[in-house]
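One letter stands for each residue in the lines below.
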Amino acid sequence: MRFKGIMVPLVTPLSGPDRLDREGLSALLEHVVAGEVNGVFIIGTTGEGPNLSYRLRHEMIRESARILRGRVPLFAAITDTSLVEAVSLARTAAESGCAAVAFAAPYYFPLDEEELHQYCLKVSAQLPLPGMLYNMPAMSKIGFPVEMVRRLMEEPRLVGIKDSGGDLDYYARLCAVGREREDWTTLIGPEAMLIESVRLGGDGGVNGGANVWPGLFTAAYAAAIEGDPRECAPLQEQIERFGAIYEAGCGSRRYVATTKHALKCLSLCDDQMTDAFPLLPIDCREAIRSVLEEMGLMPHGGLALQG
């Protein structure tokens, strides 16, 4: 399997700190499917995965799979400090029909490079599904060096990497290494880098803004594949303008909380966060709504953000 296109890192709609909003989840999934995303990635960073109870993580996998009914590939993050719990999530993902799972380095106790390499081998040996590496050094304290990725590409159960580190030089080297295996996928997280990442040889993006405006990111990916700067430039400008919503947040909740509130503005789901984070202040919420209004994204009588 080689994934190409836009995979949306879905927020986890909540109706309480530990209660899944099933109605909101259904509305959000229908929204992104209508926006022609190429896949859905759940319980990762944007999905507040590490802050969800294990019960809720398993429920999110099963319910997302039930709603999607195989219309687009579903990927589940299984990152955890416990290998046993990570594998348990992978088994639920397999039973639910997910296409693959993804995992970052276990956080809290920092690993050195050789320890991380051995950990990845332990995970891959127990996976019931193909696995993707998840490079998120800001959260996990250590990233995946390019040479380690090359070594891990020898493991047939590992099929790609999602990079959220924000270093395009590193990403270019990942792409170069990835070409050594024709079934290896290389995806980028930071959405403002999507178009440039495709030029460097990347396969697509896992872009949080696609929760709100999926059509923008699928159009940007298509334009990047064509390589026409006249098409890419205005789409890049729109992505950067849209990114102003993130400036309304602060700290580690910056991207998740602002995305959730934008979705609330569109009546897709509530902006309830897990207990670790409070709601955004009123002035931040007003700033997000202003950005949506200035870009003409506030729908009149229905959703208008797919195209």
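Chains are numbered independently. Their residues run from 1 in the order of the written sequence. Per-residue local features of the predicted model are confined to residues with pLDDT of at least 70, and side-chain atom pairs are confined, for both listing and counting, to 80 or more; whole-chain, interface and lining totals are unaffected and use all residues. As a rule here, side-chain values cover all heavy atoms of the structure and leave hydrogens and water aside.

K.L.:
Help me understand unusual backbone geometry, please; the structure alone is not making it clear to me.
P.N.:
Of note, the phi angle at Glu36 is positive, near 65 degrees, even though the residue is not glycine. Looking at where Glu36 falls in the secondary structure, it is placed in the loop between α1 (22–34) and β4 (39–42). Partly exposed describes any residue whose relative accessible area lies between the buried limit of under 20% and the exposed limit of over 50%, with all areas from a 1.4 Å probe on protein chains only and scaled to the type maximum. Glu36 sits in the exposed class, given a relative accessible area of 61%. A positive phi is found at Arg69, a non-glycine position, where the angle reads about 50 degrees. A helix here means a DSSP run of H or I that spans at least four residues, while a strand means a run of E at least two residues long, and both kinds are numbered starting from the N terminus. Topologically, Arg69 is positioned in the loop between α2 (54–68) and β5 (74–77). By relative accessible area, which is 60% here, Arg69 ends up exposed.

K.L.:
Hey, could you run me through helix α12 (residues 282–294) in this one?
P.N.:
Since one α-helical turn is 3.6 residues long, residues separated by three or four positions face the same way. One less than the number of residues in a helix, times 1.5 Å, gives the span that helix is expected to have. For α12, which comprises 13 residues, the first-to-last C-alpha distance of 18 Å matches the rise-based estimate of 18 Å (1.5 Å per residue) to within 8%. If you check which residues of α12 are buried, you get Cys284, Ile288, Val291 and Leu292. Along α12, the residues classed as buried sweep out an arc of 100 degrees about the axis, all on the same side. Along α12, exposed side chains directed more than 90 degrees from the buried face belong to Ile282, Asp283 and Glu294. Two residues form a contact once any of their heavy atoms are found within 4.5 Å. On its buried face, α12 sits against α10 (229–242) and α11 (254–265). Two residues or fewer after α12 comes Gly296, characterised by a positive phi angle close to 75 degrees. By construction, the arc corresponds to the directions joining the helix axis to the C-beta atoms.

K.L.:
Help me understand the pairing of strand β7 (residues 131–135) in this model?
P.N.:
On a regular strand, one side chain projects to one face of the sheet and the next to the other, so that they alternate. Most of β7 sits inside the fold, with five of its five residues counted as buried. Because side chains alternate across β7, one face comprises the buried residues Gly131, Leu133 and Asn135, and the other comprises Met132 and Tyr134, equally buried. You can see the chain leave strand β6 (residues 100–103), run along helix α4 (residues 113–126) and come back into β7, and the turn it takes is right-handed. Where β7 and strand β8 (residues 158–163) come together, five bridges link them in parallel fashion. Its bridge partner being in β8, Met132 is matched across the sheet by Gly160. Consider the strands pointing away from the viewer: the crossover is right-handed when the path from the first strand over the helix to the second runs clockwise. At least two bridges found by DSSP between two strands are what make those strands a pair.

K.L.:
Where do I start with the environment of Val159 in this structure?
P.N.:
Here Val159 shows up in strand β8. Assessed through its relative accessible area of 7%, Val159 is described here as buried. The contacts of Val159, once residues within four sequence positions are left out, are Met1, Pro130, Gly131, Met132, Arg181, Asp183, Trp184 and Thr185.

K.L.:
What is the right way to read the packing of aromatic side chains from this model?
P.N.:
Working definition: a ring pair exists when centres of Phe, Tyr or Trp rings (six-membered ring for Trp) sit within 6.5 Å. Plane angles under 30 degrees give stacked, over 60 give edge-to-face, the rest tilted. Counted according to the given criterion, the structure contains eight aromatic pairs. Between Phe103 and Tyr119, the aromatic rings sit 6.4 Å apart at their centres with planes inclined by 70 degrees, giving edge-to-face as the arrangement. Residue Phe103 is located in strand β6, and its partner Tyr119 is located in helix α4; the two are separated by 16 residues in the primary sequence. Between Lys162 and the ring centre of Phe41, over which it is positioned, the NZ or CZ distance is 5.4 Å. Charge-over-ring placement is defined geometrically: NZ (Lys) or CZ (Arg) within 6 Å of the ring centre, and within 35 degrees of the ring normal.

K.L.:
Even after reading the chapter, I still don't get the environment of Glu115, so can you show me in this structure?
P.N.:
Structurally, Glu115 is set in helix α4. What makes Glu115 partly exposed here is its relative accessible area of 40%. When the C-alpha positions of Glu115 and Ser164 are compared, they lie 21 Å apart, and in sequence the two are 49 residues distant.

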